[in-house]
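# Per-entry structural report
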Amino acid sequence: MVKKTLKIAIVSICGLLLSLSSVQASSPKKVEVIFTHDLHSHLDSYRLASPKGIEDVGGVSRLATVIKTQRQKHPDTLVVDAGDFSMGTLYQTLYERQATKLNFLQELGFDATTLGNHEFDYGDKALAKMLTKAKKLPLLEANIDWQKSASPKLEAEFKKYGLKKYTVVKKGNVKIALIGVMGNDSIEDTPTTKLKFKDPIKSVKQTVAEIKRKEKVDMIVCLSHSGTSQTKTSEDEELAKKVPDLDLIISGHTHTVLNKPLRHGQTYIVSCGAYGRYTGLVKLKQKLNHRWKLVDYRLISMTQAIPKDQQVEKQLRADTALIDQTYLSKLGYRKDQVIAYNPYNFESVDDHYFKPGEHRLGDFMADSYLYALQQAKIKADVAIVPAGVIRDTLVKGSVTINDAFNLFSLGKGQDKLPVYPLVRVYLTGKDLKKVAEIDASLANYLNSARLYMSGLGYEYNPHRALMNKVTAAYLLDKQGHKRPIKDTKLYPVVADMYSAHMLGSLKKQSYGLLNVTPRKSNGQAVTDYQQMVVMKGQREYKVFEAFASYLQSFPKGRQGLATIPSYYNQLHKRKVQKASYNPLALLSKPNRFTFALIGIVLGLGLIVIWVAKKLLRLKRAKFKRK
């Protein structure tokens, strides 16, 4: 009897264990994902103006804390980045020396990243050299066309590091395929590369097909440097529609903050903005059809509430010393050197891109160019700063060399030192007026071409025809005095190297509608912009130096520091809107674009009249038959 009872008990226990095993096996798989993108070398935390006041936000030491905390709770958390980890702060000066940004991603435990357009800012060879200094981290890029690029040596260097289209990682009981891709807009923003790229959507579609053929995975995630938009259908939304097998798209490039994921079919698109202000967290659960359902999505605000990892902070201090030693000492500065006091909060980077009109910081930056040339005893009448080169802002408090650098962090000179140099060219008066028209007509369509000017002012009517919105343009000094522009006269203009090239390429960018020709003092068109670089002694004059020099020129005020004057806490009527629907205001001083528009309107009117007459005749004929 005892043996029989024992046997029944053993059978019952085995049955229970089998039942529990069956329940566990059938329970849905789960995945948690931490993601970043567009960090742009923002390894330090930084100050940000918010409704709460000045906050200290971001930084990889806080990111390290978030990742460690998350993996303590969920060791199998996937951690990924969607590109543009480079370019934006002084840490980029260590780009080729020790691959600082990529190495931090690896040390923080990232599972993969992809290339963004700014990884190519210093050129293909510099990127390849950087990879030789980098620790191994899966680097994914599905749409480089190596055959058309015809660069076997470069291909070998990239692939030696481990660049590939996709990788497969296992997180707990979930196998995840990760794909990397650069979108069309991102590719267009990569003028420094000689590589050729395939269509991003076709490339991802082909890569997904390859994954499904070769791998048995539970989830497919795309690290896409393509972007989303709040106002129009974006590249990553098109990607989701045309490659429905993707489960999740981490969307970089456009710096979009998506408080709620976008969803197309069974594909989720997520984005957490730029500079490490937020870190994204996604939780997903597998459904019966093996696709995935969103369980939770949040953007973790990287504020002072998150403690900094002290080991990471120690490494950042070592890198700061190296920046001072290898770069800033050549210019006579230190990274944390305080050079001025700022009593104001200036406009954000997004304001410069997306809000029309004049902005205080844009005026300020342009004024610094004219000041620099004045100090160098080089004549210039006008300075131009496009929104595309404004990479940061200034908030109330002390201003350091680091702050000044971050405003102008793009590019590299022929001297191999980071940041674009100042360039002086000449424009005819007629071309100066076109510069005003570029800002008035094109800025809302090509945000990076929104211009901030010193020495030049204009009036415009936003209701006039495209390319004919400016009704008056003139030279304008800081006191508000106007002088007429003579069409045939040559005027010296200072800009950075990027902007000078941009002016020279306007004909192509505007499909022949606008043609501005930067010239030499003798009137000949510039063919080599390096000849027009402004020098400071024996070296190139970097744009952030011009701004730092201007800051240091102000009278001392608070804390015995040079203090930004109230002049820069107001606007100066450099762009004056005079909106009117009055026919005279709309049609006065017409150019060929206005005549073309009038022709189109008249043509459409004649077509409407002709169609109306035809319909009326048909109606009368039908009536007569009755």
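My aim in this report is to walk through the structure given alongside it, one point at a time. Quick caveat, the model's predicted, so the values are computed rather than measured.

Right, let's talk about helix α15 (residues 429-442) for a bit. In this model α15 runs 20 Å from its N-terminal to its C-terminal C-alpha over 14 residues, within 8% of the 20 Å that 1.5 Å per residue would give. Here α15 has its buried residues at Gly429, Asp431, Leu432, Val435, Ala436, Glu437, Ile438, Asp439, Ala440, Ser441 and Leu442.

Running from N to C, helix α5 (residues 124-133) and helix α7 (residues 152-161) point in directions that differ by 30 degrees, and their axes come no closer than 9 Å. Taken together, the axis directions place α5 and α7 in an arrangement best described as roughly parallel. For α5 against α7, the interelement crossing comes out left-handed. Listed contacts from α7 to Asp124, Leu127, Ala128 and Leu131 of α5 are Leu154, Glu157, Phe158 and Tyr161. A breakdown of the residues in the contact of α5 with α7 according to their chemical character gives six nonpolar, no polar and two charged.

It is worth spelling out the sheet that holds strand β4 (residues 78-81) at this point. With mixed pairing, four strands are arranged side by side in an open sheet as β4-β1-β13-β14. Either end of the sheet is taken by a strand with one partner, and the two such strands are β4 and β14 (292-301). Sheet twist, expressed as the average angle between the axes of neighbouring strands with direction ignored, equals 20 degrees. Against the sheet, helix α2 (residues 60-73) makes contact with β1 (30-36), β4, β13 (278-286) and β14, and its axis sits at roughly 175 degrees relative to β1, the strand it touches most.

Turning to the environment of Gly480, a few remarks are in order. When you line up the elements, Gly480 lands in the loop between β20 (470-476) and β21 (482-484). What makes Gly480 partly exposed here is its relative accessible area of 39%. When the C-alpha atoms of Gly480 and Lys573 are compared, they prove to be 8.0 Å apart, with 93 residues separating the residues in sequence.

A complete count under the given rule lists 22 aromatic pairs for this structure. A ring pair is formed by Tyr371 and Tyr550, whose centres lie 5.1 Å apart and whose planes are at 40 degrees; its orientation type is tilted. Here the residue Tyr371 occupies a position in helix α13 (residues 360-375), and Tyr550 occupies one in helix α18 (residues 543-552), the gap between them amounting to 179 residues. For the pair formed by Tyr371 and Tyr550, the shared burial category is buried. Ring geometry for Phe554 and Tyr568: centres 6.4 Å apart, planes at 50 degrees, overall tilted. You can see Phe554 sitting in the loop between α18 and β25 (575-577) and its partner Tyr568 sitting in the loop between α18 and β25, a full 14 residues away along the chain. Neither Phe554 nor Tyr568 differs from the other in exposure class; each is buried. Aromatic rings pair up to connect Tyr344, Phe346, Phe364, Tyr369, Tyr371, Phe408, Phe547, Tyr550, Phe554, Tyr567 and Tyr568 into one cluster. Sitting above the plane of the Tyr122 ring, Lys412 keeps its charged end 4.5 Å from the centroid. Taking NZ or CZ as reference, Lys478 lies 5.1 Å from the ring centre of Tyr567, over its face.

What counts and what doesn't
- Residue numbers run consecutively from 1 along every chain, following the written order of its sequence.
- Reporting of local features is limited, given that this is a predicted model, to residues whose pLDDT is at least 70; pairs of side-chain atoms are given and counted only at 80 or more, and all residues count toward the totals for whole chains, interfaces and linings.
- In computing side-chain values, all of the structure's heavy atoms are included and hydrogens and water are not.
- Numbering goes from the N terminus for both helices and strands, where a helix is a DSSP run of H or I of at least four residues and a strand is a run of E of at least two.
- To estimate how far a helix should reach, multiply one less than its number of residues by 1.5 Å.
- Relative accessibility under 20% of the residue-type maximum defines a buried residue, over 50% an exposed one, and the middle range a partly exposed one, all with a 1.4 Å probe and only protein chains included.
- Here the axes come from fitting lines to C-alpha atoms, over the contacting stretch only for helices, and the angles between their N-to-C directions go from 0 to 180 degrees.
- Angle categories are assigned with fixed cut-offs, so that under 35 degrees is roughly parallel, over 145 is roughly antiparallel, 65 to 115 is roughly perpendicular, and the rest are oblique.
- Handedness of a crossing follows from how the near helix is turned relative to the far one, being left-handed for an anticlockwise turn of less than a right angle and right-handed for a clockwise one.
- Residue contacts follow a heavy-atom distance rule, with two residues in contact if any of their heavy atoms lie within 4.5 Å.
- Under this grouping Gly is polar, as are all residues other than the nonpolar Ala, Val, Leu, Ile, Met, Phe, Trp, Tyr, Cys and Pro and the charged Asp, Glu, Lys and Arg.
- At least two DSSP bridges between two strands are required for those strands to pair.
- Pairing of aromatic rings covers Phe, Tyr and Trp, the last counted by its six-membered ring, and requires centre-to-centre distances within 6.5 Å; plane angles under 30 degrees mean stacked, over 60 mean edge-to-face, and any other angle means tilted.
- A ring has a charge above it when a Lys NZ or an Arg CZ is no more than 6 Å from the ring centre and no more than 35 degrees off the ring normal.

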